Every structure is written in structure tokens, then in C-alpha cells.
Amino acid sequence: MELYLDTANVAEVERLARVYPLAGVTTNPSIIAAGKMPIWDVLPRLRNAIGPDGTLFAQVLSRDVEGMVSEARRFNNAFPGIVVKIPVTTEGLSAIKRLKKEDIVTLGTAVYSAAQGLLAALAGAKYVAPYVNRVDAQGGDGIRMVQELQTLLKLHAPQSKVLAASFKTPRQALDCLLAGCEAITLPLDVAQQILNTPAVESAIEKFEQDWKTAFGNLNL
Ligand code: E4P
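- An unreviewed UniProt entry annotates the protein chain as Fructose 6-phosphate aldolase originating from Kosakonia arachidis.
- What UniProt states about the protein chain under its Catalytic activity (unreviewed entry) heading is, verbatim, "beta-D-fructose 6-phosphate = dihydroxyacetone + D-glyceraldehyde 3-phosphate".
- Listed under Sequence similarities (unreviewed entry) in UniProt, the entry text for the protein chain is "Belongs to the transaldolase family. Type 3A subfamily."

Below is the structure:
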């Protein structure tokens, strides 16, 4: 499977790349804006932080086909191999089809339904990113959407894969992996929650206390 971090925090990517089996980093305009660093300054740093085998994702800002295609070309020229995120709108689907012909790799983003995601895959997107938590927050069922999308791609667009996105809890991410998703992107807080649970720390403290009580030190 492919595990990505959904962040533009270069220092955290460098730190977590030493711990997690990272496949790369995903960004969107809000994530770049939160870091306050101009996109053409932060993308090279992220590119460097994930190493030569890591995959970088960046999203277009334009809403029209010509603008999306032009921004995608600019990303691709600057960072060969980058995956360009395109919102799955009417214009976005057209841009995905155009970019496929140019061999520019795309991800269909802002996916709120399985049918919308299938269209992105059929247009030629390599990845499709369903927004799990945002669907849940609207009163929908994000995991069910992912399950349906996963099944649809397997049946009708096996060249594309689900890159599940938009998480607030590790449980949501785990449910996507159990549904068979091959790729997932986690915000920093969710990635850290997986390891930084109080129960783990207290279990380790108990091991130390028991050892100290028996042997009076912490040496093996
Ligand atoms: C991925 O494509 C999205 O940009 C991202 O995961 C959205 O996450 P959010 O709903 O936490 O903003």
C-alpha cells in the first residue's frame, strides 16, 4: 500500500519520513496556504524531504479547463513525475482527459460520491481521492462511499486506484484500508495519533516500574 502525509510542513515530513514508510506527500491549496510559504518555495522542499522515490502531489487553482491544463503543465515541468490534483467538476473531467493524452499523471480530488469518483477514473485519473470526513460531516457515510468507489474501480476502471483522503480519526483511515484501498493520505495529527496514545506510554511505564521494583535499576 501507499501511505502519504497530507501536509506542507517540511520539518514534520522530514521527521516522520524517518519513522513511517512514507510513499510521499499530498497537498491542496488550503494546506499550502496554512503554511504561508509560497508554493514555488515549499514544493521543492517537500520534493527534497520525501526523497527520490517519493511522490509529490499538488493541486491546480484554476476552475476552467485551459487554466487547469496550463497549471498542470507548469507543475509537471518543474517536478517531473508529480501527480496533479484536479477537482472532479465538469471542467476538471475535461482537463483530466486532456492531461492523460499528454502523459501528465492526475488525481481526481474533491470527490463526494462514488459515481463522481468513477467518472474521474474513466477520464484517466490514476488516483481518485474521496473525502471521507467531509462526507461524514455532511451527515453522509464516507466509509460506505469509499467501499462503493473501491468496488466500482475494481470492476470498471482497474487502472485507477482510490487514494482515500480527509480524515479526522485513525479509525476512518483503517476502515478505508479494510475496504481494500491501496493508498491513503493522513493529516499530521491523525498520523501521530496512531502511535501517540496514552495507553502505549503507560504500558511502557509499567514495564519499567515492574523491572525497577524487582532489580532496582533499568539495566538489562
Ligand atoms: C485530499 O485530496 C484532500 O485535499 C484532503 O485530504 C482534504 O482533507 P480535509 O477534509 O481534512 O481538509
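1. Describing the pairing of strand β4 (residues 83–87)
Step number 1: Of all five residues making up β4, five are buried, and the element is well covered by its neighbours.
Step number 2: For strand β3 (residues 55–59) and β4, the ladder comprises three bridges, and the chain directions are parallel. Of the residues in β4, the one forming a bridge with Ala-58 is Val-84.
Step number 3: For the handedness criterion, the β-α-β arrangement of β3, helix α4 (residues 65–78) and β4 is classed as right-handed.
Step number 4: In the sheet, β4 pairs with strand β5 (residues 106–111) via four bridges, with the strands oriented parallel. Across the sheet, the residue bridging to Val-84 is Thr-106, located in β5.

2. Here's the deal with the packing of aromatic side chains
Step number 1: In this structure the tally under the stated criterion is six aromatic pairs.
Step number 2: Judged by centre distance (5.5 Å) and plane angle (65°), the rings of Phe-57 and Tyr-127 are edge-to-face. Of the two residues, Phe-57 is situated in strand β3 and Tyr-127 in strand β6 (residues 127–130); the sequence distance between them amounts to 70 residues.
Step number 3: Residue Phe-57 is classed as buried on the basis of its relative accessible area, which comes to 0%.
Step number 4: Judged by its relative accessible area of 3%, Tyr-127 is buried.
Step number 5: By the ring-pair criterion, three or more aromatic residues cluster together here, those being Tyr-4, Phe-57 and Tyr-127.

3. Observations regarding helix α1 (residues 10–17)
Step number 1: When we look at burial in α1, the residues that qualify are Val-10, Glu-12, Val-13 and Leu-16. The arc that holds the buried residues of α1, viewed along the axis, is 165°, so those residues lie on one side.
Step number 2: Two to three positions downstream of the cap, the backbone nitrogen of Ala-11 sits 3.3 Å from a side-chain oxygen, assigning the N-cap of α1 to Asn-9.

4. Some thoughts on the nonpolar core
Step number 1: With 58 residues, the main nonpolar core has Leu-46, Phe-167 and Cys-176 as its most contacted residues.
Step number 2: Those residues in contact with Leu-46 that lie beyond four places of it in its chain are Thr-7, Ala-8, Val-10, Val-13, Val-25, Thr-27 and Leu-56.
Step number 3: Listed in part, the 11 residues of the second largest apolar core include Phe-57, Leu-107, Leu-163 and Ala-165.

Cut-off values and rules
Residues numbered from 1 in each chain as written. Predicted model: local features only at pLDDT ≥ 70, side-chain atom pairs only at ≥ 80, totals over all residues. Heavy atoms only, no water. UniProt positions renumbered as here; feature names shortened; annotations may be inferred. Buried < 20%, exposed > 50% of the residue type's maximum accessible area, 1.4 Å probe, protein only. Helix = DSSP H or I, 4+ residues; strand = E, 2+ residues; numbered from the N terminus. Pairing = 2+ DSSP bridges. Right-handed = clockwise from strand over helix to strand, strands pointing away. Phe/Tyr/Trp six-rings, centres within 6.5 Å; stacked < 30°, edge-to-face > 60°. Arc of directions from axis to C-beta. Polar contact = N/O pair within 3.5 Å; in protein donor to acceptor, adjacent residues only side chain to side chain. Core = buried A, V, L, I, M, F, W, Y, C linked by side-chain atoms within 4.5 Å. Contact = heavy atoms within 4.5 Å.

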